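Here's the letter readout for the chains.
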Amino acid sequence: SLEHSLRSIYDQNLQQKLGCPIKPLVIDEELWPFEEESLDLVISNLHLHWINDLPKALVKMITSLVPDGALIGSLYGDDTLQELRIAFTLAESERNGGVSGHVSPFMNITNFGNLLTRCQFNLPTIWTERLNLKFDDAFHLMQYLQEIGENTALKHRRQNCLKSTIYGMASIYDTLFKDEKKENIIATFQLIHFIGWKYHESQAKPKKRGSAEFSLKDLHKEMGIYDPEGAKKSQIGEIVVSDDEADEVVKEKKDK
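Residues numbered from 1 in each chain as written. Predicted model: local features only at pLDDT ≥ 70, side-chain atom pairs only at ≥ 80, totals over all residues. Heavy atoms only, no water.

Considering the overall build of the chain
Phase 1: Helix and strand counts for the chain come out as 10 helices and 4 strands.
Phase 2: Each helix (α) and strand (β) of the chain, taken in turn from the N terminus, gives the series α-α-β-α-β-α-α-β-α-α-β-α-α-α.
Phase 3: For the chain, long-range pairs separated by at least 24 residues make up 77% of all intrachain contacts whose partners lie at least 6 apart in sequence.
Phase 4: Only carbon and sulfur atoms are counted for the fraction: they give 52% of the accessible area of the chain, which is about 17,800 Å². (Helix = DSSP H or I, 4+ residues; strand = E, 2+ residues; numbered from the N terminus. Contact = heavy atoms within 4.5 Å. Areas by Shrake-Rupley, 256 points an atom, 1.4 Å probe, with all protein chains shown as cover.)

Considering the packing of aromatic side chains
Phase 1: Applying the stated criterion across every chain, the model contains 8 aromatic pairs.
Phase 2: Ring centres of Y144 and F189 lie 6.4 Å apart, and the angle between their planes is 90°; on these two criteria the pair is classed as edge-to-face. Taken as a pair, Y144 in helix 6 (residues 138-147) and F189 in strand 4 (residues 185-197) lie far apart in primary sequence, 45 residues in all.
Phase 3: Using a relative accessible area of 29% as the deciding quantity, one classes Y144 as partly exposed.
Phase 4: For F189, a relative accessible area of 5% gives the class buried. (Phe/Tyr/Trp six-rings, centres within 6.5 Å; stacked < 30°, edge-to-face > 60°. Buried < 20%, exposed > 50% of the residue type's maximum accessible area, 1.4 Å probe, protein only.)

Quick notes on the packing of helix 6 against helix 7 (residues 163-176)
Phase 1: Viewed as axis vectors pointing N to C, helix 6 and helix 7 meet at an angle of 105°, and their least axial separation amounts to 9 Å. Between helix 6 and helix 7, the crossing angle belongs to the class labelled roughly perpendicular. In this structure, helix 6 contributes A138, F139, L141 and M142 to the contact, and helix 7 contributes I166, Y167, M169, A170 and Y173. (Axes fitted to C-alpha atoms, helices over the stretch in contact; angles between N-to-C directions. Parallel < 35°, antiparallel > 145°, perpendicular 65-115°, else oblique.)

A word on helix 3 (residues 54-64)
Phase 1: All of the buried residues in helix 3 are L54, A57, L58, M61, I62 and S64. When helix 3 is viewed along its axis, its buried side chains cluster within an angular range of 160° and face the same direction.
Phase 2: The secondary structure elements touched by the buried residues of helix 3 are strand 1 (39-45), strand 2 (65-76) and helix 5 (109-118).
Phase 3: Where helix 3 begins, one side-chain oxygen reaches toward the backbone nitrogen of K56, 3.4 Å away; that side chain belongs to D53. (Arc of directions from axis to C-beta. Polar contact = N/O pair within 3.5 Å; in protein donor to acceptor, adjacent residues only side chain to side chain.)

Some words on unusual backbone geometry
Phase 1: Despite not being glycine, Q120 has its phi angle at roughly 75°, a positive value.
Phase 2: Along the chain, the position of Q120 falls in the loop between helix 5 and strand 3 (122-135).
Phase 3: Positioned with a positive phi, L123 is a non-glycine residue whose angle comes to about 50°.
Phase 4: Along the chain, L123 turns up in strand 3.

A closer look at helix 4 (residues 82-96)
Phase 1: Its 15 residues give helix 4 an end-to-end C-alpha distance of 20 Å, which sits within 8% of 21 Å, the value for a rise of 1.5 Å per residue.
Phase 2: Along helix 4, the positions that sit buried rather than exposed are E83, L84, A87, F88, A91 and E92. The buried residues of helix 4 all sit within an arc of 150° when viewed along its axis, so they share a single face.
Phase 3: Looking at the buried positions of helix 4, the neighbouring elements they touch are helix 6, helix 7 and strand 4.
Phase 4: Downstream of helix 4 by one or two residues, G97 has phi in the positive range, about 75°. (Expected span 1.5 Å × (residues − 1).)

With respect to the sheet that holds strand 1
Phase 1: Taken in spatial order, the 4 strands make up an open sheet running 1-2-4-3, and their pairing is mixed. At either margin of the open sheet sits one strand with a lone partner, and together these are strand 1 and strand 3. Neighbouring strand axes in the sheet, compared pairwise and without regard to direction, differ in orientation by 10° on average.
Phase 2: Pairing of strand 3 with strand 4, which is carried by 12 bridges, proceeds in the antiparallel orientation. From the neighbouring strand, L133 faces strand 4, where its bridge partner is A187. (Pairing = 2+ DSSP bridges.)

Given below as structure tokens:
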């Protein structure tokens, strides 16, 4: 619970280990309470997708950072729960003649990277990973989402969903998105990890255009020094297939 988490953070032993005082606060990210250049680090873990005005919130965060301060965090990408979204869309379009949102919107990794740049974060670094979690059925998945507080919070959506639509969605999900053993359904969770810095003159800067001392045209020459065979393959563009793999390719072509 939130109360238990706050008590753990405020534990006196933890403060002694860290060597600094801890003051837990419950805040709304859209009503950012921190003053300008008052924070060294902001950590955001899987909650930015709940913010209505994300650009405004990010601007407030970078404003509160000291120069060379960092924002580190993660959020769900737009591939998250794509199977549930597809199953609901098919079930509703068949029974209701239209669709309504049942999964919260998530951020596209490209758009989020552009957003960090627009909000003046320096040296942004973004990477992503996909987790395929297994559940007994769609009802087990929706129960899990409710327990972790990630069920949809869309305001403009169909308030009442027919029981036949729910069961239809579960049946479609079970048919289309089984795992390899056909025992459980799969739910995709895409995690976008990121870090961005507030500008400081000591940070690395790109070199001036034309100042490079090495040309990519000479790359194959350098490769030839360390890996002559590899240089030949990269220059000619050959794809080398082992005998075992070649046999498999031939068999597949014959079957077709």
